[in-house]
Amino acid sequence: MAIMVNLDVMMARRKISLGELAQKVDITMANLSILKNNKARAVRFSTLEAICKALDCQPGDILEFIPDGEEGAP
Amino acid sequence: MEKTAVQRLARVLQGMVVVVFTLNLLCLPLVPGAVAFWQEHESIWEWVSHESGDGLFWVTMIFAGAFYGIFLEPSLLTAWSLLFWICGACTAVILWQAKKVLDTILAGSPFRTSNARALNRAAISCWVTSGAAMVKLVLWLWIEKNPAPLCTYTTLFIPGFLMAGLLFQVMSALFRQAAELKEDQDLTI
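In what follows, the accompanying structure is described. (Residues numbered from 1 in each chain as written. Chains lettered and ligands numbered in written order. Predicted model: local features only at pLDDT ≥ 70, side-chain atom pairs only at ≥ 80, totals over all residues. Heavy atoms only, no water.)

1. Here's the deal with empty space enclosed by the protein
Turning to step 1, where the next piece is worked out: Applying the stated rule across the entire model yields 1 cavity of 30 Å³ or more.
Turning to step 2, where the next piece is worked out: Approximately 40 Å³ is the volume found for the largest cavity.
Turning to step 3, where the next piece is worked out: For the lining of the largest cavity, a count of residues per class yields 7 nonpolar, no polar and no charged. (1 Å grid on protein atoms, 1.4 Å probe; cavity = no way out; pocket = protein on both sides within 12 Å on 5 of 7 lines; lining within 4 Å. Points joined across faces, edges and corners; volume = space filled by probe spheres on them. Nonpolar A, V, L, I, M, F, W, Y, C, P; charged D, E, K, R; others polar.)

2. A word on the layout of surface pockets
All names here are of chain A.
Turning to step 1, where the next piece is worked out: Taken as a whole, the second largest pocket spans an internal volume of roughly 160 Å³.
Turning to step 2, where the next piece is worked out: In terms of lining, the second largest pocket is formed by 14 residues, of which the most central are Ile 3, Val 5, Ala 42, Val 43 and Leu 63.
Turning to step 3, where the next piece is worked out: Counting only elements with at least two residues in the lining of the second largest pocket, the list comes to β1 (3–5) and α4 (45–55).
Turning to step 4, where the next piece is worked out: In the lining of the second largest pocket, the residues fall into 10 nonpolar, 1 polar and 3 charged. (Helix = DSSP H or I, 4+ residues; strand = E, 2+ residues; numbered from the N terminus.)

3. Comments concerning helix α6 (residues 113–144) of chain B
Structural remark: α-helix, 3.6 residues per turn; residues separated by three or four positions point the same way.
Turning to step 1, where the next piece is worked out: Look at α6 of chain B: 46 Å from first C-alpha to last across 32 residues, which is about the 46 Å you get at 1.5 Å a residue.
Turning to step 2, where the next piece is worked out: Where α6 of chain B terminates, the next one or two residues include Lys 145 of chain B, which has phi positive at roughly 60°. (Expected span 1.5 Å × (residues − 1).)

4. A closer look at the interface of chain A and chain B
Turning to step 1, where the next piece is worked out: On the side of chain B, 6 residues touch chain A, which itself brings 11 residues to the contact.
Turning to step 2, where the next piece is worked out: Across the chain A/chain B interface, buried area totals approximately 800 Å², and carbon plus sulfur atoms make up 53% of it.
Turning to step 3, where the next piece is worked out: For the interface between chain A and chain B, the tally reads 2 salt bridges.
Turning to step 4, where the next piece is worked out: Note that Glu 183 of chain B and Arg 41 of chain A form a salt bridge whose closest N and O atoms lie 3.4 Å from each other.
Turning to step 5, where the next piece is worked out: For the interface between chain A and chain B, the tally reads 7 residue pairs in polar contact (both at pLDDT 80 or more).
Turning to step 6, where the next piece is worked out: If one sorts the elements of the side of chain A that touches chain B by residue count, helix α3 (residues 29–36) of chain A sits on top with 3 residues. (Contact = heavy atoms within 4.5 Å. Buried area = accessible area lost by both parts, 1.4 Å probe. Salt bridge = Lys/Arg side-chain N within 4 Å of Asp/Glu carboxyl O. Polar contact = N/O pair within 3.5 Å; in protein donor to acceptor, adjacent residues only side chain to side chain.)

5. With respect to the pattern of salt bridges
Turning to step 1, where the next piece is worked out: Scanning the model with the defined rule gives 5 salt bridges over all chains in all.
Turning to step 2, where the next piece is worked out: Notably, a salt bridge pairs Lys 53 of chain A with Glu 49 of chain A, separated by 3.7 Å at the nearest N-O pair. Taken as a pair, Lys 53 of chain A and Glu 49 of chain A lie in helix α4 at a separation of 4 residues, close to a single helical turn.
Turning to step 3, where the next piece is worked out: One network of salt bridges, with partners in common, ties together Arg 41 of chain A together with Glu 183 and Asp 184 of chain B.

6. What to know about the packing of aromatic side chains
Residues and elements named next belong to chain B.
Turning to step 1, where the next piece is worked out: One pass over the structure, following the stated rule, counts 4 aromatic pairs over all chains.
Turning to step 2, where the next piece is worked out: With a centroid separation of 5.1 Å and an interplanar angle of 40°, the aromatic rings of Phe 21 and Trp 96 are classed as tilted. Here Phe 21 is found in helix α1 (residues 5–27), whereas its partner Trp 96 is found in helix α5 (residues 76–107), with 75 residues between them in sequence.
Turning to step 3, where the next piece is worked out: The ring of Trp 96 carries Lys 99 above its face, with NZ or CZ at 5.2 Å from the centroid. (Phe/Tyr/Trp six-rings, centres within 6.5 Å; stacked < 30°, edge-to-face > 60°. Lys NZ or Arg CZ within 6 Å of the ring centre and 35° of its normal.)

7. Structural notes on unusual backbone geometry
All names here are of chain A.
Turning to step 1, where the next piece is worked out: Backbone geometry places Lys 15, a non-glycine residue, at a positive phi of 55°.
Turning to step 2, where the next piece is worked out: Tracing the backbone through its elements, the reader meets Lys 15 in the loop between α1 (7–14) and α2 (18–25).
Turning to step 3, where the next piece is worked out: One non-glycine residue, Asp 56, lies in the positive phi region at around 50°.
Turning to step 4, where the next piece is worked out: For Asp 56, the location among the structural elements is in the loop between α4 and α5 (59–62).
Turning to step 5, where the next piece is worked out: Note on Asp 56: relative accessible area 60%, which makes it exposed. (Buried < 20%, exposed > 50% of the residue type's maximum accessible area, 1.4 Å probe, protein only.)

8. As for the packing of α1 of chain B against α5 of chain B
What describes two packed helices is the angle between their axes and the distance between those same axes.
Residue and element names in this part refer to chain B.
Turning to step 1, where the next piece is worked out: The interhelical angle for the contact between α1 and α5, taken along N-to-C directions, is 155°, at an axis separation of 9 Å. For the element pair α1 / α5, the angle class is roughly antiparallel. As α1 runs across α5, the sense of the crossing is left-handed. Between α1 and α5, the contacting residues are Val 6, Gln 7, Ala 10, Arg 11, Leu 13, Gln 14, Val 17, Val 18, Val 20, Phe 21, Asn 24 and Leu 25 on the first element and Gly 88, Thr 91, Ala 92, Leu 95, Trp 96, Lys 99, Leu 102, Asp 103, Ile 105, Leu 106 and Ala 107 on the second.
Turning to step 2, where the next piece is worked out: Among the residues forming the contact of α1 with α5, the class breakdown is 15 nonpolar, 5 polar and 3 charged. (Axes fitted to C-alpha atoms, helices over the stretch in contact; angles between N-to-C directions. Parallel < 35°, antiparallel > 145°, perpendicular 65-115°, else oblique. Left-handed = near helix turned anticlockwise from the far one by under 90°.)

9. What to know about a nonpolar patch on the surface
Residue and element names in this part refer to chain B.
Turning to step 1, where the next piece is worked out: A cluster of nonpolar residues, Ile 86, Ile 124, Trp 127, Val 128, Leu 162 and Leu 166, forms a patch on the protein surface that exposes about 490 Å² of accessible area.
Turning to step 2, where the next piece is worked out: Mapped by element, the contributors of at least two residues to the nonpolar patch are α6 and α7 (153–186).
Turning to step 3, where the next piece is worked out: Sorting elements by how many residues they give to the nonpolar patch places α6 first, with 3 residues.
Turning to step 4, where the next piece is worked out: You can call Trp 127 partly exposed: its relative accessible area is 31%. (Patch = residues over 30% accessible without salt bridge, like charges linked within 9 Å, V, L, I, M, F, W, Y side chains within 5 Å. Areas by Shrake-Rupley, 256 points an atom, 1.4 Å probe, with all protein chains shown as cover.)

Below you can see the structure in the form of structure tokens.
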């Protein structure tokens, strides 16, 4: 997948657990886990807004574009 | 959880499909006897009503006897029996796939790739049935050497099952697309 979700990095910086973030964003832990593990197909703007508000960050802090062929490269 | 109107209808259809499927399977062993019997008599029920009170017993014995007779001495009746068996097996497959689709409707999640595969199998079974009917018609025309077999139900089965197969394929593509859209929707956070 070309768009990578670096949610765990921002969660570690803000010292917030998956359960706490799920509660703040008002989505299930299962869905948040899907997002964190890059299994999601799409993200609603409303969800992205809630996550950025909860983690006090910008969308670019949690979303990263990796061109095809460079996945896995450092 | 209260069932929707569609699920109530699916429950009724499931019952009907199971009954017809069971009857289909019960009729399969009777095919060779029926083919041999109809070769000699126009109607089983007329024969039963005009013969002695043991008509039903003798019908059963004739069916059992013809079953073995046809396959011990291969003849045209063997070919007819095999073609009818192929058609009977295909209709059983179609009914079973319909039951699997109805099961998913009752479970509340019909948009799955398994349903697309089931409808694809039903389409192939329809086409095999159409092919078997065509083989039977061609053999029949070759034996009779006149166009009379063209005016039988066998001729209708060819385009009928061909179109049914096409419709099943269209539905299979529809379910496949629906399953993909559902997966996209489910994985939209």
